[in-house]
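Spelled out from the first residue to the last, the chains are:
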Amino acid sequence: MDRYQFPRQRVLCDEQPFSRDLLDRLLEEVYSASPPFTGYLKFAGDEDALEFLFFFNGAPYSAGRYAHGKPVRYSVRELGGRLSTAAAESMSVTLCGTDPVLLKNMLLFLREEPDIKAPTSLIDIEYLVQRIGEAGRNAMVALYRDKKINFFFFKDGKGALAHCSDPTFKRPEDMTVEEELLLYAFQPGEKVQAFVFRDMPATDAEDASRLDKDSLYQLLTAGNLKNRATDMAAVPGAGGGTVIRQKTKPPSFMLSVESGPLQGERFVVTLPCTIGRRDCDLILDDHCISRRHAEIKTVDNQLVIEDLKSTNGTRVNGEPIVRKALVPNDLITIGPINLRIQPAYGRRASDRQPALQFTI
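Conventions used here
- Residues numbered from 1 in each chain as written.
- Predicted model: local features only at pLDDT ≥ 70, side-chain atom pairs only at ≥ 80, totals over all residues.
- Heavy atoms only, no water.
- Helix = DSSP H or I, 4+ residues; strand = E, 2+ residues; numbered from the N terminus.
- Buried < 20%, exposed > 50% of the residue type's maximum accessible area, 1.4 Å probe, protein only.
- Contact = heavy atoms within 4.5 Å.
- Areas by Shrake-Rupley, 256 points an atom, 1.4 Å probe, with all protein chains shown as cover.
- pLDDT = per-residue confidence, 0-100.
- Pairing = 2+ DSSP bridges.
- Axes fitted to C-alpha atoms, helices over the stretch in contact; angles between N-to-C directions.
- Parallel < 35°, antiparallel > 145°, perpendicular 65-115°, else oblique.
- Left-handed = near helix turned anticlockwise from the far one by under 90°.
- Nonpolar A, V, L, I, M, F, W, Y, C, P; charged D, E, K, R; others polar.

S.K.: I tried to follow the overall build of the protein chain on my own but got confused; where do I start?
M.R.: From N to C terminus, the protein chain includes six helices and 24 strands. Every one of the 360 residues in the protein chain was classed for burial, and the buried ones make up 46%. Taking all contacts inside the protein chain whose residues are at least 6 apart in sequence as the whole, residues at least 24 apart take part in 57%. Carbon and sulfur atoms provide 48% of the accessible area of the protein chain, an area that totals close to 17600 Å².

S.K.: In this structure, what is going on with the environment of aspartate 24? I would like to understand it.
M.R.: With respect to the helices and strands, the residue aspartate 24 is situated in helix H1 (residues 20–32). Exposure remark for aspartate 24: the relative accessible area of 29% places this residue in the partly exposed category. Between the C-alpha atoms of aspartate 24 and aspartate 214, which are 190 residues apart in sequence, the distance is 8.6 Å. Discounting chain neighbours no more than four positions away, the residues touching aspartate 24 are Lys213 and Tyr217.

S.K.: Sorry if this is basic, but what is going on with the confidence of the model for the protein chain here?
M.R.: In low-pLDDT segments, the atomic positions of the prediction should not be examined closely. Across the protein chain, the average pLDDT comes to 80, with 82% of residues at 70 or higher. No element of the protein chain has a lower mean pLDDT than strand E13 (residues 242–246), which averages 36, and none a higher one than strand E20 (residues 314–316), which averages 96. Scored below 50 in pLDDT, residues 345–360 shows 60 contacts in the model against residues more than four places distant or in partner chains.

S.K.: Explanation requested: the sheet that holds strand E19 (residues 302–307) in the structure shown.
M.R.: Within a sheet, adjacent strands bond to each other through the backbone by hydrogen bonds, running parallel or antiparallel. Taking strand neighbours across the sheet as the criterion, the five strands line up as E17-E16-E18-E19-E22 in an open arrangement whose pairing is mixed. This sheet does not close on itself; its edge strands, each paired only once, are strand E17 (282–283) and strand E22 (323–325). For strand E18 (residues 294–299) and E19, the ladder comprises six bridges, and the chain directions are antiparallel. In the sheet register, lysine 297 faces E19, and the bridge partner there is valine 304.

S.K.: Before we go on, may I ask you to explain the sheet that holds strand E10 (residues 158–163) in this structure?
M.R.: In space, the five strands of this open sheet follow the order E7-E11-E8-E9-E10, with antiparallel pairing throughout. At either end of the open sheet lies a strand with only one pairing partner, and these are strand E7 (116–119) and E10. Sheet twist, expressed as the average angle between the axes of neighbouring strands with direction ignored, equals 20°. Here helix H3 (residues 100–111) sits on the sheet in contact with strand E8 (139–145), strand E9 (148–155), E10 and strand E11 (193–197), set at roughly 115° to E9. Contacts between helix H5 (residues 177–185) and the sheet are confined to E8, E9 and E10, with E9 contributing the most and set at about 150° to the helix.

S.K.: In this structure, what is going on with the packing of helix H4 (residues 125–135) against H5? I would like to understand it.
M.R.: Each packed pair of helices is defined by two parameters, the angle between the axes and the distance between the axes. At a closest axis distance of 10 Å, the pairing of H4 and H5 adopts a crossing angle of 160°. What the angle tells us is that H4 and H5 run roughly antiparallel. Crossing hand, H4 versus H5: right-handed. For the pair H4 and H5, the contacting residues are Ile125, Glu126 and Val129 in the first and Glu178, Leu181, Leu182 and Ala185 in the second. The residue inventory of the contact of H4 with H5, partitioned by class, reads five nonpolar, no polar and two charged.

Shown next as structure tokens:
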């Protein structure tokens with residue numbers, strides 16, 4: 001069957017027949033990867049549709065479906081319910097590692113409404129590229145042709161990366177991303193559809209956090225998390241019997257951004273939490289922030305922040321620190337960004353896991 005094609009980078013498992021043993025092995029590979037795995041699992045069945053489960057920094061992040069030429073926004077539970085009722089013998093599984101930019105491009109395409117959707121013959125694509133450059137903001141253009149989806153990413157208005165799935169398209173050497181986009185948009189043959197995303201939100205699915213490997217496997221194979229082993233534990237009762245108590249979940253807290261480019265965002269994070277420009281639990285992409293800048297953790301049942309020998313240091317309530325105990329409403333300063341620490345009493349719709357940040 002001629003299925004829809006998305007760009008692929010590091011292919012770890014290619015269109016293998018689905019089995020529970022294979023799924024278990026692939027999830028083990030995802031959860032044990034070092035550095036933490038970023039990429040996706042793709043499930044393809046008899047019908048002309050693709051199901052995706054996305055991972056970011058080693059944890060489930062979101063899900064999506066593409067069918068009949070349209071993206072379908074999914075929760076992870078909805079994906080599990082669909083996979084658990086599908087005919088397993090007719091499915092194939094692919095595991096691909098990606099860079100964060102391709103992952104975010106796919107998330108945008110599968111989960112968000114584009115600002116513009118039209119054939120390239122009906123829009124002035126050259127003027128559009130010019131306006132993206134003048135605005136100086138991040139943007140993404142997806143070009144669709146003959147069931148092949150290609151992504152062109154702009155960082156601060158300039159073409160930064162192109163991810164193409166069309167094997168017939170030959171990119172000349174020394175061509176800019178802008179030139180490559182225009183060449184693909186106006187090539188002869190079947191018409192090209194353009195999807196333009198000027199705003200770049202791509203947050204996690206509400207039910208994606210804190211799914212360990214065993215829980216995710218159960219969700220994808222049984223469609224639910226009933227009798228979830230990681231939530232419950234059997235302990236001796238006072239009369240010699242057994243009672244069930246809920247296990248203690250990893251402590252979490254909320255960081256509210258009070259200054260910097262992410263001002264107004266709120267992140268619910270789990271301890272321990274590393275903060276920095278790259279390879280961290282919370283990524284703050286600024287040149288004044290070290291790759292691994294600081295860590296928030298518990299020491300002797302006390303919440304503390306420790307500077308990880310960063311170049312520009314870490315401050316709490318305006319004072320430089322090496323390690324310091326934290327209390328609610330303390331103000332943490334890392335580079336130009338101020339973070340207010342608060343208890344995570346409950347996750348509201350406006351609170352979210354760290355969003356994908358671009359590092360190019």
